[in-house]
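Coordinate inspection notes
This is what each chain is made of:
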Amino acid sequence: MNRLLKWLLLLGFFLGVAQLLDTSTPPTPVLAETRAAPAPQYPQSDPGSYGYIPLVNVLWVSNTGLTAQPADTAVVYGANTRVTVPMTAVNQNGWFIFTGNKISSVSVNEYVNGSWQAVNVGTSISHSEPTSSADVTLPAGLSVGTHYYQATVHYPNDVRYSRVFTVNVAPQAVPATAITLSPQYPSILWGESTQVKATLTPENATTPINNWTTSLGSLDRTDSSLVNLTTTVPASATDASLKNEGTAATLHATSNGLTGTTQVTVGGITSQTLNEGATLSYHPTALDHLTGVVGTPTYTWHLYNANNQEQSWPDQSVTNKPTLTVPNASMALDGMYFQVTVSWQVTSGSNTTTINRYSNIAQLHVNQQSAQLIAVPNMMFAKADGQDPTVEDFAGTTPVVLRLKNTSQNQTSQAYDGNNANFLSVKGPQWSLAVAFNPFRQTASNAFLGGQTSTAIGQFNLGLNGQNIAITGDGNNQPVLTNQTRDLNATLNTNTTVTLPNGAVKRGTYQSIATWTVTRAPQ
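What counts as what
- Residues numbered from 1 in each chain as written.
- Predicted model: local features only at pLDDT ≥ 70, side-chain atom pairs only at ≥ 80, totals over all residues.
- Heavy atoms only, no water.
- Helix = DSSP H or I, 4+ residues; strand = E, 2+ residues; numbered from the N terminus.
- Buried < 20%, exposed > 50% of the residue type's maximum accessible area, 1.4 Å probe, protein only.
- Contact = heavy atoms within 4.5 Å.
- Core = buried A, V, L, I, M, F, W, Y, C linked by side-chain atoms within 4.5 Å.
- Pairing = 2+ DSSP bridges.
- Axes fitted to C-alpha atoms, helices over the stretch in contact; angles between N-to-C directions.
- Phe/Tyr/Trp six-rings, centres within 6.5 Å; stacked < 30°, edge-to-face > 60°.
- Polar contact = N/O pair within 3.5 Å; in protein donor to acceptor, adjacent residues only side chain to side chain.
- Salt bridge = Lys/Arg side-chain N within 4 Å of Asp/Glu carboxyl O.
- pLDDT = per-residue confidence, 0-100.

What about the overall build of the chain?
Assigned secondary structure in the chain consists of 2 helices and 41 strands. Relative to its 523 residues, the chain shows a buried fraction of 37%. Across the chain, every contact between residues at least 6 apart in sequence was considered, and the portion connecting residues at least 24 apart equals 68%.

Here we look at the nonpolar core
By size, the foremost hydrophobic cluster in this structure holds 29 residues, and its most contacted members are M379, L462, L464, I471, V480 and W516. Of all the secondary-structure elements, those providing two or more residues to this core are strand 30 (400-404), strand 32 (423-427), strand 33 (431-437), strand 35 (458-464), strand 36 (467-473), strand 37 (478-484), strand 38 (488-491) and strand 39 (497-500).

Digging into the sheet that holds strand 17 (residues 226-230)
The strand order 12-14-17-16 describes an open sheet built from 4 strands, whose pairing is antiparallel. Edge strands, defined here as strands with exactly one partner in the open sheet, are strand 12 (178-183) and strand 16 (218-223). In this sheet, adjacent strand axes meet at a mean angle of 25 degrees when their direction is disregarded. As paired strands, strand 14 (residues 193-201) and strand 17 are joined by 5 bridges and run antiparallel to one another. Across the sheet, the residue bridging to S193 is T230, located in strand 17.

Comments concerning the packing of aromatic side chains
Across all of its chains, the model carries 10 aromatic pairs by this definition. Here the aromatic rings of Y149 and F165 are separated by 5.7 Å at their centres, their planes lie at 25 degrees, and the arrangement is stacked. Taken together, the positions of Y149 in strand 10 (residues 145-155) and F165 in strand 11 (residues 158-170) put the pair 16 residues apart, joining distant regions of the chain. Each member of the pair, Y149 as well as F165, is classed as buried. The structure contains a cluster of three or more aromatic residues connected by ring pairs, namely F381, F437, F440, F460 and W516.

Remarks on the sheet that holds strand 9 (residues 131-137)
One open sheet holds the 4 strands; their spatial order is 3-5-9-8, and the pairing between them is antiparallel. Each of the sheet's edge strands pairs with one partner strand only, and the pair in question is strand 3 (66-68) and strand 8 (122-126). Strand after strand, the sheet turns through a mean of 30 degrees between neighbouring axes, direction not considered. Taken together, the 5 bridges between strand 8 and strand 9 define a ladder with antiparallel strand orientation.

Some details on the side chain of Q272
Within the secondary structure, Q272 sits in strand 20 (residues 272-275). Judged by relative accessible area, Q272 falls into the buried class, the value being 16%. In terms of polar contacts, Q272 uses its side chain to reach the backbone carbonyl oxygen of T270, at 3.1 Å. Those residues in contact with Q272, other than ones at most four positions away along the chain, are L280, Y282, F338, Q363, L364 and H365.

Things to note about the pattern of salt bridges
Taken as a whole, this structure holds 6 salt bridges when the rule is applied. Among the salt bridges present, the one from R163 reaches D72, with a minimum N-O distance of 3.3 Å. Residue R163 is found in strand 11, and its partner D72 is found in the loop between strand 3 and strand 4 (73-76); the two are separated by 91 residues along the sequence. With a closest N to O distance of 2.5 Å, E192 and R357 form a salt bridge. On the criterion of sequence distance, the pair formed by E192 in the loop between strand 13 (187-188) and strand 14 and R357 in strand 26 (residues 351-358) is long-range, its members being 165 residues apart. For E192, a relative accessible area of 1% corresponds to the buried category.

What about the environment of F165?
F165 gets classed as buried once you look at its relative accessible area, which sits at 0%. Between the alpha carbons of F165 and Y149 there is a distance of 5.4 Å; along the sequence they are 16 residues apart. With residues near it in sequence (within four places) discarded, F165 still touches P70, A71, D72, V85, H147, Y148, Y149, Q150 and A151.

Observations concerning unusual backbone geometry
It is generally the case that most residues other than glycine have a negative phi and that most peptide bonds are trans. With an omega of 0 degrees, the peptide bond running from T201 to P202 counts as cis. With respect to the element layout, P202 can be found in the loop between strand 14 and strand 15 (211-214). Even without glycine at this site, N113 takes up a positive phi of about 50 degrees. In this fold, N113 is placed in the loop between strand 6 (105-112) and strand 7 (115-119). For N465, which is not glycine, the phi torsion reads 55 degrees and is therefore positive. Looking at where N465 falls in the secondary structure, it is placed in the loop between strand 35 and strand 36.

A short note on the environment of E129
Take E129: it is sitting in the loop between strand 8 and strand 9. Note: C-alpha distance between E129 and V90 (39 residues apart in sequence) is 7.7 Å.

Some remarks on the environment of A237
Note that A237 resides in the loop between strand 17 and strand 18 (247-255). Separated by 103 residues in sequence, A237 and V340 place their C-alpha atoms 9.5 Å apart. Ignoring sequence-local partners within four residues, the contact set of A237 consists of L242, Q339, Y358 and I361.

Re the confidence of the model for the chain
Scored by pLDDT, the chain comes out at a mean of 85, with 86% of its residues at no less than 70. Note on residues 1-34: pLDDT under 50 across the span, and 28 contacts to partners over four residues away in sequence or across chains. The low-confidence segment residues 410-415 (pLDDT under 50) makes 8 contacts with residues lying over four places distant or belonging to another chain.

Rendered as structure tokens:
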């Protein structure tokens, strides 16, 4: 009885100083999950704690529970993968008349398909005092992905529950054998941006992309395989550095000791070459993917000479749309430079800011074209009634007027020389046309019409394109059309006549040889 009283008094003393001597272990910090975790099957228990008898260092009071929670674990998938999860819990041996409270076992539940299910685990418990350690070994061959678990620590007269912990199983590493970079837009204006994606070979490669670099602009890394290349707006739209075919931004990305390379052309336009007299119609694709546009942007196409001095575009050119149109290009454009600027306004409160985007300055090349004489007519003449003239028709006192014969042939779509369809065709951007009609001669004797001299010449009138063009048939070259800028495809009409002088004419067939000449004009 006295012994019991002695121990009770001693116990009272111990309890009286417990508040001053509490040495319980604080809870272990738990890092925030990187993925959404399920709610625990059981609420996490308070951490365990313990205290000692002063001076003699003998455990005298304890609260069961975990002092070290099971930690999250990351492993690489493998057929024999086993994961061991350690934890530490308060353990108390029996002492005199007090009953001990040792860990008896540990069980584990896994969250599978929306519910918690028991898992067969291996357990190893090492008893000591004031704490004991327990290791649970999860089954081998866990699938790739994140697995969620909760452990239950069993005591003879109590249970305690752990936090929800994870085992993240990553796939086995697959080294990359090649890396390919692909820009979303291979050509952009100055001030614009584009995404660039890195693709590894093979497709299931797990090698990380370590580094990105660019020779121009700045990179904003969206994730390991995707960056955004952004370029700056040049200080001056006519800066000499912009006079080029575009500036290459060279990008590199590395993975597994490999390097992938690609280029994005900054500037957006390329030099254009066309034939003289042709129509330039140019729409750069860089104008199709402008970023941040508010409202309808303004397009301005500029024309510069070699000294960067702005020039005027030819008449009928369209220079205020995303497609530049220049009709009937002349040689004056050869060697000139062109550029497009795009602008729009952004308003924030009372402030309005103008946003500008600039292309590079590219060159225009115009190939000089030679004029070509494609088709000339065989001109056959008769009287107004369609009948051939007679010797008697020339015996009168007035000149004889013969008209161009109509023919049934229709060959105006063909290119041919000496045609019977009265078709005349010239192709070229700049040209003049002349003709020389020799005096009429008899085809049998080669004698001049009206005698043995060349004074008997004809006076021609060419009915062409609504004009009446007078030509003297004296063998001299005379202008028909001058300084033309368009192709000619026309048929001589019935206003075409030849007037011959009267006089002594012998019966026969007479012919004048027409020589047509096309020259480049203006010279």
